[in-house]
Every structure is written in structure tokens, then in C-alpha cells.
There are 2 protein chains.
Amino acid sequence: KELNSRVSENGGGNRDDFRQGVVNALERRLFYIPSFKIYRGVAGLYDYGPPGCAVKSNVLAFWREHFVLEENMLEVDCPCVTPEVVLKASGHVDKFTDLMVKDEKTGTCYRADHLLKDFCKDKLEKDLTLPEEKAMEYKRVMATLDDLSGKELGSKLKEYGIVAPDTKNPLSDPYPFNLMFATSIGPSGLSPGYMRPETAQGIFVNFKDLYYYNGNKLPFAAAQIGQAFRNEISPRQGLLRVREFTLAEIEHFVDPDDKSHPKFKDVSNLEFFMYPRDEQKEAKPFKKLQLGDAVKKGNINNETLGYFIGRTYLFLTSLGIDKERLRFRQHMANEMAHYAADCWDAEIESSYGWIECVGIADRSAYDLRAHTEKSGVQLVAQEKFAEPREVEKLVITPSKKEVGLVFKGNQKKVIEALEAMKEAKAMEVRANLEAKGEVEFFVCTLGQSVTLTKNMVSISKEKKKEHQKVFIPSVIEPSFGIGRIIYCLFEHSFYTRPSKAGDEQCNVFRFPPLVAPIKCTVFPLIQKSEYEEVAKLISKALTRARISHKIDITGTSIGKRYARTDELGVPFAITVDSSNSVTVRERDSKDQVRVSVDEVASVVKDVTDGDSTWTDILSRYPLHSSYSSDEGVLIGDIHSKS
Amino acid sequence: KELNSRVSENGGGNRDDFRQGVVNALERRLFYIPSFKIYRGVAGLYDYGPPGCAVKSNVLAFWREHFVLEENMLEVDCPCVTPEVVLKASGHVDKFTDLMVKDEKTGTCYRADHLLKDFCKDKLEKDLTLPEEKAMEYKRVMATLDDLSGKELGSKLKEYGIVAPDTKNPLSDPYPFNLMFATSIGPSGLSPGYMRPETAQGIFVNFKDLYYYNGNKLPFAAAQIGQAFRNEISPRQGLLRVREFTLAEIEHFVDPDDKSHPKFKDVSNLEFFMYPRDEQKEAKPFKKLQLGDAVKKGNINNETLGYFIGRTYLFLTSLGIDKERLRFRQHMANEMAHYAADCWDAEIESSYGWIECVGIADRSAYDLRAHTEKSGVQLVAQEKFAEPREVEKLVITPSKKEVGLVFKGNQKKVIEALEAMKEAKAMEVRANLEAKGEVEFFVCTLGQSVTLTKNMVSISKEKKKEHQKVFIPSVIEPSFGIGRIIYCLFEHSFYTRPSKAGDEQCNVFRFPPLVAPIKCTVFPLIQKSEYEEVAKLISKALTRARISHKIDITGTSIGKRYARTDELGVPFAITVDSSNSVTVRERDSKDQVRVSVDEVASVVKDVTDGDSTWTDILSRYPLHSSYSSDEGVLIGDIHSKS
């Protein structure tokens, strides 16, 4: 709804038209380019052209400043090529898959869930005689797509008689396709490897060194920016679902018993759209909540998670993401990995709908435990107590032999479930075992209950003196999909305005100076060597001030030159119309002030670096309105500003 | 020689000891970490830990400023995953290989040239009874290793009886192993791809769009920073020969008839070590030349190439590369690709010898022509003449039929050689053909002369009116191996100094502020809440000024804390010893000045950004020498400075 109103503000009809307008401008101005275009491209691979690349490097520089520098994070830089053992431990070799079906004659591959979704969508949109009951069924299927197993998907495809969309040939049963790009390390062919699907694993395997680097103290955060890869079966949605992308990830390691955050108070007053689990379950709309309240009420699991949600909100809105089209959505219990304590996605509304752009998850100790088990290296933290502490410890000792005898192949899962019991549950089990000799026990990894008998497990509480605590830290992981954020930023920044003559629409990207690809252009008003010399002087001063800029000395009318830079999102334009002073124009208001040649570079620097606002500049320098340059009328034609 | 003197300055014996000292410091302080260490690592893959990662991002930021911003280059960002067709066109699929031999029993792989080199080196170093003649032979083999064909290498290995070093098993014949990491794009298994071996191809395939973006004007440069991959057979030399690395590449497109550069005069007075081809041929030492002279005398092919050599010199020395251990070496004719017009490597001397860190090549029109041919898309530039020009054009028309009849399989190479003739040569060939009916003609791609007869080629000069020139631009390519530069920088920056007590050596990295991983540390002199509050205030001011810094509030002695930060290469340390004023210490001189708390962040910012030098600071603020804090003696022990 919100988007639609924005879209119509922009004069366009619907989402597709709006998107086409943005994408046309982006491609024409080389914000991005389909990769290897002269060879007809490769689906899901895109280049950033010059302005896109500049936006990306501005976004990454700000990310470093906002997160790494501000929190003193330990940034690392690990290779993309990753040996199999690492991704075996992390679970990616076994589980990083999508379900695929093949055209049985041509071998063309499709994502099984896409075909089912397309079928249902098509029916719902086009079949006007669809009975209410069927419509409900299709809607239900679409809502639960992600939960369907391969078998369930296969039987639905069969039931609906879905065939290969291009050939109408029959389809194979769905089977899992691993989404990692596989390769081989070294010449022997004996060392399988993959291109990393995320940057996080590079941090986890270095935990021990990083913890030491931090003086063996928790909490601390490590961060990494880098490429990640995902060999999509059939990429769709343009820049949003690609086969190679830049991630910026943070792994904040914390004592699981203390997830408070000293700087939480700095963000606790922020109010923005959140969509907690309960609201989603009841199909209520999302709403504005105060961050402090959301943590206090337990909507958000802990302060550290809340702190990063708040910082992420500030990050995205500083870039120019519209806060009215940004929400933080909590994962439903069935969306979350079983080990996760809580998980929130920053979702940004685009013409494709709500897009997950940042995931902020409390992954508990899962990753460090997995690598500890696989590598045999203890990825743990130690906290020495000032005084030895007497503690009552829960001791759960399953009998491998007895459990194995009864549950055979499920032995491991039952034992893990027993060992994972929290104190209250364990005490309940013990009481039952003592009273009745057996108890029904739900094993979540089996999805069913089993009957435990007394000889299978001993549960006790023992008093011990402890001098230190040794534990696997929890990790809170904010993970940023940089390309998705940038695409949404493009959409949120784009608008059109009529040219004065009314004969064409002008495209504008309203990037804040922080992310604008070029901060400033320099135009001699007319082709005249005197003006060009001044332009070059200003250009030198801007280079010295490290302001990225562009001179345009073509003879094109000034109005056209403004229009060109508006479409690149350049916030300021300096027009040289005398030897002593020049005008500075702001992109969105089209206001102009007159500034002396000597001062102009530092004025632009101030307003670009955020040390001044445009309003400050307006109050400091005389407004210039002697000609309405946007319309290409040079002199003698004085309009008052609208 | 130069290095040895540096090494002994540092008190160490030889190159290996020096290197071990650097590498120990680098690994201990996590400048880098062998990747996936907890899984016993993977040869040729390294992580940058926190300080290494900071150095890397500083180097890249400066590269962007020094090249991209300064020259208004068009920066792009293309994927690493590359479809086969692109790398087929570029020649990598066929030619990006090393010769490999296999242990015939175990299958272990070795680089054939490495085994031969090791054998010769070993003989020369250890066999004291080696006859002079044999020694000469081994030296000759080592000098010509790169020129040996697979056959020649194989017969040398046989002749010397070289076997697998680990098992003494016999070896296979050498065969080429492609050094690209292979993968498969999409699920079908029908789209082979590779991880790019360089970033340059992403620029070449975009030439048409980039030329348009630049207003269809030459010259212009495009640039790219990104990962590249090389599946080494058996990586050696630590950080210098790795399987994944960051490249920063520039492709400067220029009219082949005009390779002048308007800014060449800005660098023409620079003098530094150059090693032109002729000096190498005559085994003379390299020497200091003035850049302007080197271009004027034709040592360097053209101004644009010279300009980038000069800018590269400035770039490397600004980072802290020692100009006495930096030279620009011209490629010998046999080192250069046949299409290259000229090529110079920036070589930096390290404990491994002279290391190629930047290649600056005039690649003529090779790459754009290759992609034009493969893709069918014309990657050309057009220059419209103000007036039509009458031109005399050389027209060389080989007869495919006649050439094919005589030369069969070599037809293509002969024809290409004919078409590539320059005017003078063509006229000579024509004169000879007319006079004698035949001529000996050297075909460089065959390495031999062939006999041409009159019916094989027609050569004429024709007058034409031309309205424009359509041509494939030449490309001048400066290509920076960022990891190698950083490793050499580590070696050049490293030194040790005795602690006052003389009981241990202190390691120091003398990074300039520009590249230092952390610019400044903040220490309360003693653990005292008042001092800690001041330290926090200063930290906040530094964060606001965007100066990366670190607080160290551990109770460790101030001398130890200085030593720690010296080993990280932190240039400045602020010590809080009162509530009003603090001391600022410079790392290399160990000089300290006293500055007020309010001013200190801006002082550190000035000297870090390069707006002031430390000498300026010394003249502006009172020297502080009331205690010799480096030795951990706090008060009452007043030394005069040495």
C-alpha cells in the first residue's frame, strides 16, 4: 500500500512499470551491466558499472565506519575457496540445497517450488471460475512452500499435473541440488573445495586466535566483507537473486549467560516498524515499536540482538532507505534453525515485495560447537572467577549402551536430546523416572517421542567448587546482503519530475551525499576558455579535498547537463558563469547559491561530509535566481522560483 | 647487497633469519593466519587477521585515491565466476598452464621446473667437487628455466635422473596443468566456468559500454579491484605465491597512434632505479634514470606507459616501500607476449629476492581484438575527422589458397605474420618479390623463416579519402598484486631495537600513518578511574574524527604496552597521566610531546592525515621527558634523550 502510493507519486501506474523505469535508468547509466553481455551474459551475474561501483564502495566504507570502527570490531579477510571439511562441519555440504526437477527429455532444470508457486499463482490470477475451496488450497500451498519436503513437493506437482513450462514434457521427482559452486584445490583432484556460500565460516574457524587477540575477553565482534557464491538453479528477480554477491557479516561473540549490551541505551529510544512472531501468527499488520520496549517485553530475545537491530536501522536509513518501507520481521519458529535463539530480518519493500536484506540472528553456540567437534580444537572461552564459586551443576549422563540397544540408529539423536535438556525439564524427567520407572520423552530431531527407562540416563545435581567457567560462546550474527540493500536503495531513491517544457520526464536518484557515486559536477556555463580554466582550478581543489567529481565541458545546454547528473544522483553541481564566483545547485530542490571560486570546494566538502546541511548553506550564501538554468534558458529570462 | 646491509642493520644474520623474524611477528600479531588452520590449513591460502586486514583496506583506499579518483577512472566490479567462452577468447583456457610431473606410484604432483631448479641449486650449493663445466651448465639451466618446453624439461629431468623428492619414485613426463579453478555454472553441468585468473577480462568485455559512458572519447581508463585465483600446483614462498589474491588493475585505452600523456610532465623529473632490457642483456647492474630521459631515449616505449611507471613509483614509496629496494625492470623480448609493445615490472627486493609486484604492460590491441573476434561485437573506437583526409593506406592481401597449398597447417600463422607487417617491411618484401620472384620471410610465431613467392601476397599502397578513423584501441595495463606489495611492505617496515634492559629485542613496524592498521593507542598511565574516564573521552573524540584507535586499560607496564603497539606498527600513542593534558609518543623516534586533552584528537588527526608532520608537532608542543616511559620506569627517574 505504502509502496503503491509512492509509485503513483512517481506518476507511474504499477510496480512493474515503476521497476522498468528504475531498471532502464540503471542500465542506461551503467549502474549495473549484465555480466559478459557481449557473450549474451550469464543468468544471475551482474557487473557494477562506474556509478554502481562507486555507490557500492561508499556503502562499504560507511559500513566499516558505522560498525567496524565504531565498535572496534576485529575485521578479517579470508579466501573464497574453502576446503570441503569446513563446509561439512558447518552443514552446508549436506543441507545447503534447493529441490530441483528435470525435464525428463531435455534435461532442463527447474526449482520445484518455483513451478508449484507459479502454477498456483497463475490459477489464482487467471482462472475466474476457480471454486472458493480450490482457491483456498492454492493459497495454503503458496504460504507453506518453504516447509514442504521433497516428497510432498513431488506429490503436489503430480497431483496438479505440472509439466516442464517450456516443453510440456514430464518432470522428474524433486531431488536436492547443492547450491555451492564446487571446485578442486590443487592438481591432484583429491581435495574437493567450494566457493564459500557465506563469509561467516572464515570467522568461526579463527575464533581461538581472535579471542586471544582480544586479550581472552568476551564479548567481542569480528567482521568480514567479501564475495559469497550461490549456484542458483534458475536465478530470477534481477539484482536480488544472484549467483555471486558481496556480504558484510558480523559475528559478535558473547557469554550465553549475559547478553546485555553496554551501549543498548544509545538505541533503545528508537521507534520503527517491527513485526514480531505473534503479530504474524495472528495475521495482524506490523507496527511501530520502541526498541527498548521490544526487548523489555521479550519480543526481542536480548539486548545485544536489540542493539544490532537498532544499529542496522540507523545504518540503512542513513544510506537513504525509506524508514516507511523498512521493517524488522521476526522469524517464525518453523523458519528458524533449531539451534537459533531468535532471528530478525531487516526487510525492505521494493517493487518485488518485502525483501530480506539483513539477517540478525542469535545462533547460540551452534557454529563454534560444530567446528570444535569436527576439528578437535576447543573453540571455547574461559572466565576466571575472582573467588572460587560453589555451584550446583546439573549432570546428565546417558548410558550409550542402554540407549543404543533400544534405539539403534537413533541412538545419537536421543543422547543429544538428553544432554541438551534444560534444568527444569531434566528434573521433571528424573522425577518421572523415579516415580514410574519410565517416561515419554520428545526428541525434536526425530520429530517424535520415545519411551525412556530408568537405566538409560542418570540425572543428578552436584555441588562443585569452580575456579573458572569454560564455555562455548553464543554468537549474534548480523549479516548484510550488500547488493540487495543497494538495489532497494536504487528503488527508494528514484523519482521522476517533468521537465519545464513538459515534453519529457527527468529521472532523479535522490542519493544522500554519503552514497552518491559522484559528489559534484563542474560545468562552465558556456564554452569559453576563461570559464574552462576556472573549472579546472575548482576541479583541482576538489581533488585535493578528496571529493569525487566530474567536469563536463561539452557544449550541451546547461539544463541537459543538470538532467544528466540528476540521473546519476549527483547531489551538487557547480556552474562557472564568471571568473570570481560560481553557482552551486542542489539536486532535489534545484536551489542555487552563489559562492566565490576560492570557497566553493570547501563548501561542497562541508555539505558532502555532513558537516553542514544544505539549509546551512542557504542561510550563509546568497540565493541565485537570475536565470532558470534547469530549463536551458541562459540569460535574460528571469523566473521566480516555484 | 642492499638488502643484506639492511638485514644486518637489524642485527640479524641472513635473509632466512630476517624473514623468520618478520613472519613470527606477523603471525603472532595476526597480520595474517594460515587459512582453515584448525583443519591443518590449505597450502597457498591465507587470511588477513585484524591488523593485516586494516593494512589491506588502507592500501586499497589509497590506491583508489591515487589512481581512480586522481585520474577520474571508471571503476567497475565484475564477478569472479566467469564462463568458459570469455577465458577461451582471452587465451587462458589454452595457455594458462604450468608443466607438471606426477610421482608414478603415489600420484603426488610437482611443478617440473621447480624440481629441476631445486636439483641444480642443490648441486651448486652442496657438491664441492662439481667441475666448473657442470656448474656452468646448471647455472645456464636455471637461467633459462622459463623458456624450456615440456619436452626439453622432461629430457633434462631424465638426463639428471631426477625422481620424486618425497618417495624417490620415478616421475611421469611433464604435461601442462591448467591453473584456473574450474567449476560449473548452474545445475545442468553443461556450462563450464572458472574462477577468474585476473580481473582485466571483466573490463575488456565491457569496453563498448565504458567507451560510450566516457562520451565515445579516448583516452580513458577503467579500473577494478577484486579477487583472482590461481590453482598453483604446489605453492611455495608463503604470502608471495598464493592460490587466491587481490588484484587492482587498470586498463588505460588509448589511440595506438598517440600514446602521449598530458600529465607526463608531472612525473618526468622523477629519478629511480630502472633496469632496461639492454642493461640486462649485457649483465650490467640496474641504475637510477630520470623518467623523462628514459622515455625520450626510447627505453620506455611511450609517455603513457612512462606516466603509469612514475605514478606507480609514487604509489609504492608513499606506502612505505623503500625506494632503494624498488626497481622497474623491463621485460626481455622473450619474456613478453608476442603482441606486447613494451612491459615493465615494478620489482621489490625482499628476503626471497626481487619480487614482481606490479606489471605495467602495453598490450597493444590484443585483448579487444580477441574478444571482438570471439563475440562478433566490434570493440572499436571511432574518431571523426573535422575534414575528410586523404590517406595512403598500406593494403596487404595474402592469398589464402596459395599460402595454404604450400604451408598447410601453418597457413594461419604465415597469413597473420604477413598482415602484421609494418610499412617499411612490407615495401621491402614487395621490392624483393618483384625483383626476384621470391623472398625469405621470418614468421615469429613459427620461429623460422619461410620462402614466399609472388603469387602468395599482393602488397600495394592506395589513396583513400577518409572521414573517420575506426580502430581497436591499444591498452596500457598497470596490474597490482596487492598481497605481494603488502608482504614486501611488511619486510621493508620491520626492524628490531633492543629494550633498555637489553634482555629482549623489540619488534617494530615503521608503517607510515597512511597504512598503519591502527593510528593511535590510548593508555591510562596507571589504573585509575579518573584516567580511564579521560581515555574514554579521547576515544570518543578520535571516533568522531574517524581515527582508528585502541584503548588499552590493562595494568601492564607502560613500556610493555608501547612495545605491543610498536609491534603492530601503531604510529602514535596517547598516554593519560593527568586530567588536563596527555603525552603523545611517536613510534620510531620515541619522542613525546605534551598536549591538552581537548586538542589531542585533532593533533593526531592532523599528523595521521598528513596535514602536519611529526616535526611540525615537535615545534608546536613542549617536549615531554620527565620519565623514560619506554623502559617502564614511571616517575623520578629522569634520563636525557639519546
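Whatever comes next refers back to the structure up there.
## A word on the relation of the copies chain B and chain A
In the superposition of chain B on chain A (RMSD 0.4 Å, axial shift 0.0 Å), the rotation amounts to 179°. What the superposition gives is, in effect, a two-fold axis relating one chain to the other. Residue Thr183(B) of chain B places its C-alpha closer to the rotation axis than any other residue of that unit, at 2.6 Å. Comparing interface residues between copies, 100% of those in chain B also lie at the interface in chain A; the contact surface is shared.

## Brief notes about the interface of chain B and chain A
Chain B puts 74 residues into the contact, and the matching count from chain A is 74 residues. Between chain B and chain A, a total of about 6,300 Å² is buried, with carbon and sulfur atoms accounting for 64% of that surface. Summed over the three residues of chain B that lose the most area to chain A, namely Ile38(B), Tyr39(B) and Tyr213(B), the buried surface amounts to 13% of that side. Put simply, chain B and chain A have 6 salt bridges between them.

## Digging into the pattern of salt bridges
Tallied over the full model, the rule gives 98 salt bridges over all chains. Here Lys158(B) makes a salt bridge to Asp173(B), at a shortest N to O gap of 3.0 Å. Taken together, the residues span a long stretch of sequence, with Lys158(B) in helix α8 (residues 150-159) and Asp173(B) in the loop between α8 and β7 (175-178) at a distance of 15 residues. For Lys412(B), the salt bridge goes to Glu416(B), with nearest N and O atoms at 3.6 Å. One end of the pair is Lys412(B) and the other is Glu416(B), both in helix α16 (residues 411-419) and 4 residues apart, which spans about a single turn. For Lys412(B), a relative accessible area of 59% gives the class exposed. Looking at Glu416(B), the relative accessible area reads 40%, which means it is partly exposed. Beyond isolated ion pairs, a larger network of salt bridges with shared partners links Asp98(A), Arg111(A), Asp113(A), Arg230(A), Glu232(A) and Arg241(A).

## Brief notes about the environment of Gln411(B)
All names here are of chain B. Mapped onto the elements, glutamine 411 comes out in helix α16. Spatially, the C-alpha atom of glutamine 411 lies 43 Å from that of glutamate 133, the residues being 278 residues apart in sequence. Not counting the four nearest positions on each side in its chain, glutamine 411 is found in contact with Lys400, Val403 and Gly404. Polar side-chain contacts of glutamine 411 include one of 2.9 Å to the backbone oxygen of lysine 400.

## What about the nonpolar core?
In terms of nonpolar packing, the biggest core is built from 215 residues, with Trp63(A), Phe315(A), Phe480(A), Trp63(B), Phe315(B) and Phe480(B) touching the most fellow members. Contacts of Phe315(B), omitting those with residues within four sequence positions, involve Val59(B), Phe62(B), Trp63(B), His66(B), Phe67(B), Phe480(B) and Ile485(B). Listed in part, the 31 residues of the second largest apolar core include Cys520(A), Leu542(A), Val603(A) and Trp614(A).

## What about the sheet that holds strand β16 (residues 353-362) of chain A?
All names here are of chain A. Strands sit in the order β3-β10-β11-β21-β16-β15-β14-β12-β13 across an open sheet of 9 strands; the sheet is mixed. Strands at the two margins of the open sheet, each flanked by one partner only, are β3 (74-76) and β13 (287-290). If you compare each strand with its neighbour and ignore which way they point, the axes differ by 30° on average. In this fold helix α13 (residues 303-319) packs onto β11 (244-254), β12 (271-275), β14 (326-330), β15 (342-350), β16 and β21 (474-481), with an angle of close to 145° to the strand it touches most, β16.

## So, the packing of helix α19 (residues 529-544) of chain B against helix α21 (residues 597-609) of chain B
The axes of two packed helices give the description: the angle between them and the distance between them. All names here are of chain B. Where α19 meets α21, the axes come as close as 9 Å, and the angle between the chain directions of the two elements is 40°. For the element pair α19 / α21, the angle class is oblique. Our pair here, α19 against α21, has a crossing hand that is right-handed. Of the residues in α21, those touching α19 at Val534, Ile538, Ala541 and Leu542 are Val597, Val600, Ala601 and Val604. Its residues placed into classes, the contact of α19 with α21 shows 8 nonpolar, no polar and no charged.

## Focus on the sheet that holds strand β8 (residues 182-184) of chain B
Residues and elements named next belong to chain B. Read across the open sheet, the 3 strands follow the order β4-β9-β8; overall the sheet is antiparallel. Both edges of this open sheet fall to β4 (81-83) and β8, since each of them pairs with a single strand only. Strand-to-strand twist in this sheet, taken as the mean axis angle between neighbours without regard to direction, amounts to 40°. Inspection of the sheet shows β4 paired to strand β9 (residues 192-195) by 3 bridges, in the antiparallel sense. Considered in β9, the bridge of valine 81 is made with methionine 195.

## Thoughts on the packing of aromatic side chains
Scanning the model with the defined rule gives 68 aromatic pairs over all chains in all. Residues Phe31(B) and Phe511(B) carry aromatic rings whose centres are separated by 6.1 Å and whose planes lie at 50° to one another, so their mutual orientation is tilted. Of the two residues, Phe31(B) is situated in the loop between α2 (15-28) and β1 (32-34) and Phe511(B) in the loop between β23 (505-509) and β24 (520-524); the sequence distance between them amounts to 480 residues. On the accessibility criterion, Phe31(B) (0% relative accessible area) is buried. Judged by relative accessible area, which is 0%, Phe511(B) ranks as buried. Members of the aromatic cluster, joined through ring pairs, are Phe18(A), Phe31(A), Phe490(A), Phe494(A), Phe509(A) and Phe511(A). One Lys or Arg, Arg327(B), reaches over the ring of Trp354(B) and ends 4.2 Å from the middle of that ring. Between the NZ or CZ atom of Arg389(B) and the centre of the ring of Phe385(B), over which it lies, the distance is 3.8 Å.

## Here's the deal with the environment of Ser493(B)
Residues and elements named next belong to chain B. Counting through the fold element by element, serine 493 comes out in helix α18 (residues 482-493). It is 52 Å that separates the C-alpha atoms of serine 493 and leucine 418, two residues lying 75 residues apart in sequence. For serine 493, the contacting residues outside a window of four places in its chain are Val508, Phe509, Arg510 and Phe511. Separated by 2.7 Å, the side chain of serine 493 and the backbone oxygen of leucine 489 make a polar contact.

## Re unusual backbone geometry
Apart from glycine, the bulk of residues carry a negative phi angle, and the bulk of peptide bonds sit in the trans form. Residue and element names in this part refer to chain A. Between leucine 218 and the following residue, proline 219, the backbone shows a cis peptide bond with an omega angle of -10°. Mapping proline 219 onto the fold places it in the loop between α10 (207-213) and β10 (220-229). A positive phi angle, near 55°, is found at asparagine 216, a position not held by glycine. With a relative accessible area of 41%, asparagine 216 lands in the partly exposed category.

## Structural notes on α2(B)
Residues and elements named next belong to chain B. When the terminal C-alpha atoms of α2 are compared, their 20 Å separation across 14 residues agrees well with the 20 Å that a helix rising 1.5 Å per residue should span. Of the positions making up α2, those classed as buried are Phe18, Arg19, Val22, Val23, Ala25 and Leu26. Viewed end-on, α2 has its buried residues packed into an arc of 160°, placing them on one side of the element. The N-cap residue of α2 is asparagine 14: its side-chain oxygen and the backbone nitrogen of aspartate 16 are 3.0 Å apart. Just downstream of α2 lies leucine 30, where phi reads positive at about 60°.

## Concerning the packing of helix α2 (residues 15-28) of chain A against helix α18 (residues 482-493) of chain A
Residues and elements named next belong to chain A. Two numbers describe how α2 lies on α18: the axes approach to 10 Å, and their chain directions differ by 110°. Considering the angle they form, α2 stands roughly perpendicular to α18. Facing Phe18, Arg19, Val22, Val23 and Leu26 of α2, the residues of α18 in contact are Tyr487, Phe490 and Glu491. For the contact of α2 with α18, a count of residues per class yields 6 nonpolar, no polar and 2 charged.

Rules and cut-offs
- Residue numbers run consecutively from 1 along every chain, following the written order of its sequence.
- Chain letters start at A and ligand numbers start at 1, both assigned in the order the entries are written.
- Confidence filtering applies because this is a predicted model: local features only for residues at pLDDT of at least 70, side-chain atom pairs given and counted only at 80 or more, and all residues used for totals across whole chains, interfaces and linings.
- Heavy atoms from the whole structure form the basis of all side-chain values; hydrogens and water molecules are not counted.
- All copies are superposed by least squares; the fitting set is the C-alpha atoms of residues with a pLDDT of at least 70 in both.
- Contact criterion: two residues are considered in contact whenever any of their non-hydrogen atoms come within 4.5 Å of each other.
- Two parts lose some accessible area (1.4 Å probe) when they are put together, and adding that loss for both gives the buried area.
- Take a side-chain nitrogen of Lys or Arg and a carboxyl oxygen of Asp or Glu: if they are within 4 Å of each other, that pair is a salt bridge.
- Helix and strand labels come from DSSP, where a helix needs a run of H or I of at least four residues and a strand needs a run of E of at least two; each type is numbered from the N terminus.
- Accessible area is worked out with a 1.4 Å probe on protein chains only. A residue is then buried under 20% of its type maximum, exposed over 50%, and partly exposed in between.
- Here a polar contact is recorded for every N or O atom pair within 3.5 Å, except that within protein the pair must consist of a potential hydrogen donor and a potential acceptor, and residues adjacent in sequence are included only if both atoms are side-chain atoms.
- As used here, the term nonpolar core means buried Ala, Val, Leu, Ile, Met, Phe, Trp, Tyr and Cys residues forming a set that is joined through side-chain atoms within 4.5 Å.
- Only strands that DSSP links by at least two bridges are regarded as paired with each other.
- All axes here are fitted lines through C-alpha atoms, helices being fitted over the stretch that makes contact, and every angle between N-to-C directions spans 0 to 180 degrees.
- An angle counts as roughly parallel when it lies under 35 degrees, as roughly antiparallel when it exceeds 145, as roughly perpendicular when it falls between 65 and 115, and as oblique in every other case.
- Note on convention: the crossing is left-handed when the near helix lies turned anticlockwise from the far helix by less than a right angle, right-handed when the turn is clockwise.
- Residue classes follow a fixed rule: Ala, Val, Leu, Ile, Met, Phe, Trp, Tyr, Cys and Pro count as nonpolar, while Asp, Glu, Lys and Arg count as charged, and any other residue, Gly among them, counts as polar.
- Note on ring pairs: Phe, Tyr and Trp rings are taken, using the six-membered ring of Trp, and paired if centres are within 6.5 Å. Classes follow the plane angle, with under 30 degrees stacked, over 60 edge-to-face and the rest tilted.
- By definition here, charges over rings are those cases where NZ of Lys or CZ of Arg is within 6 Å of the ring centre and within 35 degrees of the ring normal.
- Any helix carries an expected span of 1.5 Å times its number of residues minus one.
- Think of it as the arc spanned by the lines of direction from the helix axis to the C-beta atoms.

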